[in-house]
Amino acid sequence: MENNRIATTDFEKNDHHSFANPKEAVITHLIWSANIDFETKIIKAVAQYDIRKYPNAKEIILDTKNLQIEKVWRNENDTVDFELEEYDEILGQALHIPISKDSKTINIQYKTSSNAEALQWLNAQQTAGDAPFLFTQSQAILCRSWIPIQDSPGIRFTYEANVKVPEGNLALMSAENPQKIDSIGNYRFKMQQPIPAYLMALAVGNLEYYKTGSNTGIYAEPTTMEKAITDLEDLQSFVETAENLYGKYRWEQFDVLVLPPSFPFGGMENPRLTFATPTILSGDKSLVSLIAHELAHSWSGNLVTNTTWNDFWLNEGFTVYFEYRIMEALYGKDYAEMLASISFKELKEESKELINNGNEKDTHLKLDLDGRNPDVGMTAIAYDKGYFFLKLLEEVSGRENFDAFLKQYFKEHAFNSINTEQFLLYLEQNLFGVNELETPSNLFSNWVYGPGLPDNLPKPNSERFKKVEESIADWLTTENIDTLNTEKWSTHEYLHFFHVLPDSIGYNEVSALDNKFDFTNNGNAEILTEWILLAIKKEYRPAYGAMEIFLINTGRKKFLMPIYGELIKSESGKRLALNIYKKARQNYHYVSYNSLDKLLNYPTN
Ligand code: BES
Ligand code: ZN
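Note that the coordinates shown come from a computational prediction; the quantities given were computed from them, not determined experimentally. (Residues numbered from 1 in each chain as written. Chains lettered and ligands numbered in written order. Predicted model: local features only at pLDDT ≥ 70, side-chain atom pairs only at ≥ 80, totals over all residues. Heavy atoms only, no water.)

**Remarks on the overall build of the protein**
Secondary structure summary: the protein contains 17 helices and 21 strands in total. Taking 2.2 N^0.38 as the reference for a compact globule, 605 residues should give roughly 25 Å; the C-alpha atoms of the protein span a radius of gyration of 24 Å, in line with that estimate. Viewed in the frame of its principal axes, the protein has a C-alpha envelope of about 85 × 65 × 50 Å. Relative to its 605 residues, the protein shows a buried fraction of 61%. In the protein, once contacts between residues fewer than 6 apart in sequence are set aside, the share between residues at least 24 apart is 71%. Total accessible area on the protein is roughly 24,700 Å²; 46% of this is exposed by carbon and sulfur atoms. Charged side chains of the protein number 58 positive and 85 negative; the gap between the two group centres comes to 2 Å. (Helix = DSSP H or I, 4+ residues; strand = E, 2+ residues; numbered from the N terminus. Rg over C-alpha atoms; globule rule 2.2 N^0.38 Å. Buried < 20%, exposed > 50% of the residue type's maximum accessible area, 1.4 Å probe, protein only. Contact = heavy atoms within 4.5 Å. Areas by Shrake-Rupley, 256 points an atom, 1.4 Å probe, with all protein chains shown as cover. Lys, Arg positive; Asp, Glu negative; His and termini not counted. Charge placed at Lys NZ, Arg CZ, Asp CG, Glu CD.)

Rendered as structure tokens:
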């Protein structure tokens, strides 16, 4: 067989979001020894690295951000002078460590600062229970704020960790994890598969474990566990379904950690231990596609990784495609079609918005994020345009061929990184070439290097959503709310309902909806967010109390941005937004308040 493998050492492509010098020297293994102090909210640690260097290497460069570097030595005790470069608002500081022929390891003793961007320290009132909590969020380039590291997705390493935490806490990492609290708070971790720095993760809190199958389980605070089990008890069948599609799960264990509500994302694919927001616990398993998504990253992303954040669609587009395939296998085609329809809507809206705001280039799959925070790449383009591109490839080549291609792709690139150009070459050879298919004309120039939505964008067609639209029409023509037939609706149908509700409805209809469905007290965060948006648009004040409570308790950026964004469209709304934000901001992770500060023009000093 022809060998298309891309070597780990193929560092020709440059990552502009890291100061690392992989062509000269790379880290290969980390031993992290750390003390977690909830009193000072500081981590004191030593990071020891095995390194691999190329002939004549003079130095190794690591990424840091707001770290206090105390001491650096090589091998056992060969202390050296290090140099910290000037601070960059986005990238932090390069740490230069001189190395010589006989430097086998480098050691860095350091402290995190109180504004370490990856870390969120929660006091007891901010968690579900009555104990403090710490969690990290490293993606995209925040690992450097808690570990000095080569923070580039194209550089992989294995790791071990020795972590000391206050008594009564369980510590967890993206590694082999304990299932019980250690009486004196000492934990050891091992990650034997090589991973990039953005997948480094740590969580500390009063947590317990519940096994859901031979290699799956749930970690949660005791008061959340019962709810967590209700929604997540089928984890084992998720893993089996995914393996049936694209090959063996390579990380042995798949556990989900349900975090406190301030977690800024829906989910984060930390290997062996997906981090998840508690806002997916709807009580009826209707939001578990998020778990399918994070699980899918165990192949697309964690196993085969985007080389730079400009190739982010290779992580997320593939993962959305894989997510929908898992959901189709578990819940049927009509279910997956609803998910695809929601993607379609989000893609159309965000693509239009980006183009209207003069950011047309950000609608290409291949991004150019140089000089910007890579988080701006987290748009519907990477996720949904990426998804529809793969869906198109599936339609053009036939599902069987496409699945065989993907399976082979994951296998051949396992534990490696790949960039867009390498992928396109691989695609030409192994999907079109092997199957003697013609590559559709302008496929790459339209989809990958071109703006907006290409003409051959596949259009989803959801029968279940059509029924929702018919039901709305019945209601609005009869003016009788009882004609709204919601009996068999899942969360997605409710979401679609809000998406297609005509602008022309007024306060009375909104009020009628609340009387009938009590949306103001809906426990499903996705539905509640849509309801709050509608309430703001129609100035339906009876929902504002619930909105304030939701904004104070929930830190998930995806909900916060649109709600605050809708509020500030009016003068009175702006005042309300700032009042709530003043109270709520302390409950948010950096990732969320950093974006909200900008949105709200919030004075930060
Ligand atoms: N890896 C992402 C989260 C992420 C992306 C963090 C970029 C930082 C920078 C994760 O897999 C993700 O996509 N989460 C989504 C959920 C998903 C179902 C689309 C989220 O959090 O909303
Ligand atoms: Zn993702």
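So much for the structure itself; the text now carries on.
**Describing the sheet that holds strand β10 (residues 133-136)**
Across the sheet, which stays open at both edges, the four strands sit in the order β9-β10-β14-β12 with antiparallel pairing between neighbours. Strand pairing shows two members of the sheet lacking a second neighbour, β9 (119-122) and β12 (170-173), which therefore form its edges. Neighbouring strand axes in the sheet, compared pairwise and without regard to direction, differ in orientation by 10° on average. Relative to strand β14 (residues 202-205), β10 is paired through two bridges, and the arrangement is antiparallel. Across the sheet, the residue bridging to Leu134 is Val204, located in β14. (Pairing = 2+ DSSP bridges. Axes fitted to C-alpha atoms, helices over the stretch in contact; angles between N-to-C directions.)

**Examining the site of ligand 1**
Residues in contact with ligand 1 amount to 17 residues; listed here are only the nearest, Gln139, Gly266, Glu269, Glu294 and Tyr383. One nitrogen or oxygen atom from the side chain of Tyr383 is found 2.6 Å from an oxygen atom belonging to ligand 1. Considered on its own, ligand 1 offers 530 Å² of accessible surface; in the complex 89% of this is hidden by protein. Within the residue set of the shell around ligand 1, elements represented by two or more residues are β18 (267-268), α3 (289-296) and α4 (312-331). Take the shell around ligand 1: its biggest share by element is three residues, from α3. Residues that form the shell around ligand 1 fall into these classes: six nonpolar, six polar and five charged. Shared between two domains, the shell around ligand 1 holds at least three residues of each, these being domain 2 (207-298) and domain 3 (305-447). (Near = heavy atom within 4 Å. Polar contact = N/O pair within 3.5 Å; in protein donor to acceptor, adjacent residues only side chain to side chain. Nonpolar A, V, L, I, M, F, W, Y, C, P; charged D, E, K, R; others polar. Domains from an automatic or database assignment.)

**With respect to a negative patch on the surface**
A cluster of like negative charges, contributed by Glu83, Glu85, Glu86, Asp88 and Glu89, occupies part of the molecular surface. One can find Glu83 in strand β6 (residues 83-84). Residue Glu83 is classed as partly exposed on the basis of its relative accessible area, which comes to 48%. (Patch = residues over 30% accessible without salt bridge, like charges linked within 9 Å, V, L, I, M, F, W, Y side chains within 5 Å. Salt bridge = Lys/Arg side-chain N within 4 Å of Asp/Glu carboxyl O.)

**Focus on the pattern of salt bridges**
Applying the stated criterion across every chain, the model contains 28 salt bridges. Two residues, Lys333 and Glu328, come together in a salt bridge whose shortest N-O distance is 3.5 Å. For Glu328, a relative accessible area of 18% translates into the label buried. Glu571 is the partner of Lys574 in a salt bridge, and the nearest nitrogen-oxygen pair spans 3.9 Å.

**What to know about the coordination of the zinc ion (ligand 2)**
Within the protein, His293 (NE2), His297 (NE2), Glu316 (OE) and Glu316 (OE) serve as the donor atoms for the zinc ion (ligand 2), at 2.0 to 2.8 Å. Read in sequence order, the donor residues for the zinc ion (ligand 2) give the motif H-x3-H-x18-E. In this pair, His293 is assigned in helix α3 and Glu316 in helix α4, connecting sequence segments 23 residues apart. In this pair, the class of His293 matches that of Glu316, namely buried. (Donors = N, O, S within 2.8 Å, 3.2 Å for Na, K, Ca; no water.)

**Some details on helix α13 (residues 525-537)**
The first and last C-alpha atoms of α13 sit 18 Å apart over 13 residues, in line with the 18 Å expected at 1.5 Å per residue. The buried count for α13 comes to twelve of 13 residues, which makes it a mostly enclosed element. Of all the residues in α13, the buried ones are Ala525, Glu526, Ile527, Leu528, Thr529, Glu530, Trp531, Ile532, Leu533, Leu534, Ala535 and Ile536. Here α13 starts with a cap whose side-chain oxygen sits 3.0 Å from the backbone nitrogen of Glu526, and that cap is Asn524. (Expected span 1.5 Å × (residues − 1).)

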